[in-house]
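# Residue-level structural notes
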Amino acid sequence: MKNEHFKIKEVLTLQPVDTEILVKGWVRTKRGNKNVAFVALNDGSTINNLQIVVEVSNFSEDLLKKITTGACIAAQGKIVKSMGQGQSVEMQALEIEVYGECDPEVYPLQKKGHTLEFLREIAHLRPRTNTFGAILRLRHAMSFAIHKYFNDNGFFYLHTPIITGSDAEGAGAMFQVTTLDLKNIPLNPDKSVNYEDDFFGKSTNLTVSGQLEGELGAMALGAIYTFGPTFRAENSNTPRHLAEFWMIEPEVAFYEIKDNMDLAEDFLKYLITYALENCEDDLKFLNEMYDKELIDRLKFVIENDFQRLTYTEGIKILEKADQKFEFPVFWGADLQSEHERYLVEKHFKRPVILTDYPKDIKAFYMKQNDDGKTVRAMDVLFPKIGEIIGGSQREESYEKLTQRVDELGIPQKDLWWYLETRKFGTAPHAGFGLGFERLLLFVSGMANIRDVIPFPRTPKNAEF
RNA sequence: UCCUCCUUAGCUCAGUCGGUUAGAGCAUCUGACUGUUAAUCAGAGGGUCCCAGGUUCAAGUCCUGGAGGGGGAGCCA
């Protein structure tokens with residue numbers, strides 16, 4: 001057998017030729033009769049299978065028995081015009097080698113459909129399903145498109161730290177990082193933990209955001225983005241939260257809130273367009289199997305402007321809404337899921353960018369408006385998944401920023417390096433965070449965030 | 001973390017008022033079929049009824065506690 005093998009994605013585009021080619025992959029199904037067997041082979045290069053036609057008389061019974069759902073094989077043969085419906089070409093097998101048998105009595109994946117809940121329990125095998133093949137290829141394509149978009153637009157990829165000594169990021173509970181012996185933790189006289197002998201000589205955690213360090217990069221490189229893992233130790237049990245997820249955070253010097261909105265909208269539309277143009281087969285499958293409106297919804301989003309309005313305008317609309325809300329609507333209240341959904345799904349029926357939130361419900365670093373009440377925050381709200389992006393113009397004034405830090409009781413000494421950017425050549429700047437898995441939820445039409453990441457980490461679940 | 005629903009064959013589920021030997025479809029296996037498309041047809045095998053207690057002559061079914069999962073909410077991306 002020759003060593004070079006073709007990807008099935010390529011083979012399916014070939015015209016029938018007289019030369020033999022070699023393919024390698026995993027068997028999805030085998031069916032047929034005494035004379036001929038049809039093996040559907042998938043190698044992950046595409047959602048589509050290559051049909052391998054096996055003349056039973058040309059192969060030993062022992063070999064044919066080993067070709068079962070899940071088995072890994074190599075097949076060599078000629079590509080011919082298919083006599084059956086459903087595919088234009090197929091392989092007439094001349095030689096087959098079985099790399100790995102797969103006992104059908106115990107292999108959990110069957111020819112029939114499985115629930116997503118069951119597949120989560122076998123996350124080591126679910127990449128072999130049509131659904132997760134499609135999701136993982138889509139995930140790759142979106143990752144690539146993110147880097148391409150930023151690279152093509154003059155952004156630099158900045159690697160912000162995963163282990164952070166800063167506990168002032170204020171974006172939720174953090175996972176501690178320590179090498180201290182948990183059975184014998186050194187204590188100070190006041191019973192607090194003494195971190196002097198810990199690896200870093202201080203308390204450290206996994207990052208909840210690369211933003212603060214991202215701002216440092218933007219103050220030198222002009223436009224940066226981060227794209228890395230992010231960790232939140234919140235006990236969140238929802239279809240929209242993970243303890244370990246990937247986040248994209250652009251940060252741009254000389255951007256104001258309007259530029260930030262333009263960037264967010266253009267970026268999201270670029271990514272969705274990229275998916276439609278490069279992942280057609282996978283999206284068609286997801287559209288057919290999970291969400292019949294998926295492709296129409298993706299097209300709608302790229303063809304229409306996002307609705308932009310201020311928090312204050314949003315509150316007015318909600319106050320006039322002919323709908324009872326569980327949570328009261330008033331100026332100063334944080335918007336609940338039901339409020340966001342009303343604006344996006346009922347009132348405007350399109351993505352919404354809300355800006356200028358009350359300062360008391362937003363983070364310390366956001367630029368304060370002249371009204372003294374609001375800050376230049378920006379949330380991008382999408383149908384079905386809610387908040388997909390959260391960002392803001394940043395407060396560039398040293399005086400205003402330190403005053404806000406003091407008001408909130410954050411120790412300035414913990415943020416000395418961040419505050420110095422406002423002391424030394426400060427500049428207006430803005431940025432946002434995009435949850436990568438939330439983007440994938442939207443682009444794939446999946447309903448649960450655990451189904452758009454290969455190995456989800458959630459409370460009480462770190463298997464695989 | 002709160003509310004709510006669920007857990008029975010490999011998978012998806014049914015199981016009446018607490019009653020005698022726990023069922024179906026699919027999957028698997030065996031057989032049939034000269035080109036199938038989640039092939040079809042016939043037959044067979046397959047059960048810790050989530051776990052631990054309790055009530056009862058009798059528990060898959062009722063009660064208590066626990067574990068795991070789904071949906072909703074909060075936190076957020």
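In short, a report on the structure. Quantities reported herein were computed from a predicted structural model and do not represent experimental measurements. (Residues numbered from 1 in each chain as written. Chains lettered and ligands numbered in written order. Predicted model: local features only at pLDDT ≥ 70, side-chain atom pairs only at ≥ 80, totals over all residues. Heavy atoms only, no water.)

Our next topic: the protein's contact with RNA strand B. In the vicinity of RNA strand B there are 50 residues, among which Gln51, Lys112, Thr238, His241 and Arg438 approach most closely. Between a base nitrogen of RNA strand B and a main-chain N or O atom of Gly32, the distance comes to 3.2 Å. In this structure, Arg450 approaches RNA strand B through a side-chain N or O atom, which is 2.9 Å from a phosphate oxygen. Secondary structure elements with two or more residues in the surface near RNA strand B: strand E1 (20–32), strand E5 (89–100), helix H3 (116–121), strand E11 (244–253), strand E15 (386–393) and strand E16 (429–435). Class assignment for the residues of the surface near RNA strand B results in ten nonpolar, 24 polar and 16 charged. (Near = heavy atom within 4 Å. Polar contact = N/O pair within 3.5 Å; in protein donor to acceptor, adjacent residues only side chain to side chain. Helix = DSSP H or I, 4+ residues; strand = E, 2+ residues; numbered from the N terminus. Nonpolar A, V, L, I, M, F, W, Y, C, P; charged D, E, K, R; others polar.)

All right, on to the environment of Pro108 then. The residue Pro108 is located in the loop between E5 and H3 in this model. The class for Pro108 is partly exposed, based on a relative accessible area of 24%. Counting along the chain gives 307 residues from Pro108 to Leu415, while the straight-line C-alpha distance between them is 52 Å. In this structure, Pro108 is in contact with His114, Phe118, Ile122 and Leu125, ignoring residues within four places of it in sequence. (Buried < 20%, exposed > 50% of the residue type's maximum accessible area, 1.4 Å probe, protein only. Contact = heavy atoms within 4.5 Å.)

With that settled, the discussion passes to the side chain of Asn287. Topologically, Asn287 is positioned in helix H7 (residues 280–289). A residue is classified by how much of its surface remains accessible, and Asn287, at 15% relative accessible area, is buried. Within the structure, the side chain of Asn287 is placed 3.0 Å from the backbone nitrogen of Ile295, a separation counted as a polar contact.

For helix H4 (residues 130–152), with 23 residues, the first-to-last C-alpha span of 32 Å sits near the 33 Å given by 1.5 Å per residue. Of the residues trailing H4, Gly154 is marked for its positive phi of about 80 degrees. (Expected span 1.5 Å × (residues − 1).)

As a further point, take the sheet that holds strand E4 (residues 72–81). To summarise the sheet geometry, strands pair through backbone hydrogen bonds and adopt either a parallel or an antiparallel arrangement. The sheet built from five strands closes into a barrel, its strands ordered E1-E2-E3-E5-E4 with mixed pairing. Taken pair by pair, the neighbouring strands of this sheet meet at an average axis angle of 55 degrees, ignoring direction. The pairing of strand E3 (residues 50–55) with E5 spans two bridges and is parallel. What sits directly across from Val53, in E5, is Gln92. (Pairing = 2+ DSSP bridges. Axes fitted to C-alpha atoms, helices over the stretch in contact; angles between N-to-C directions.)

On to the pairing of E11. Along E11, eight of the ten residues are buried, which leaves the element largely enclosed by surrounding structure. In this structure, E11 lies alongside E16, joined through five bridges in antiparallel fashion. When the bridges of E16 are listed, Ala253 appears paired with His429.

This paragraph deals with the pairing of E3. Within E3, five of the six residues are buried, which leaves it mostly tucked inside the rest of the structure. As paired elements, strand E2 (residues 36–42) and E3 share six bridges and run antiparallel to each other. Looking at the pairing, Phe38 lines up with Val53 of E3.

The next subject is the pattern of salt bridges. Going through the model one piece at a time under the given rule, you end up with 25 salt bridges. A salt bridge links Asp451 to Arg120; its shortest N-O distance comes to 2.7 Å. Residue Asp451 is located in the segment after helix H13 (436–444), and its partner Arg120 is located in helix H3; the two are separated by 331 residues in the primary sequence. Here Arg120 falls in the partly exposed class, since its relative accessible area comes to 22%. Several salt bridges share partner residues, and in doing so they unite Lys258, Asp262, Glu265, Lys269, Asp305 and Arg308 into one network. (Salt bridge = Lys/Arg side-chain N within 4 Å of Asp/Glu carboxyl O.)

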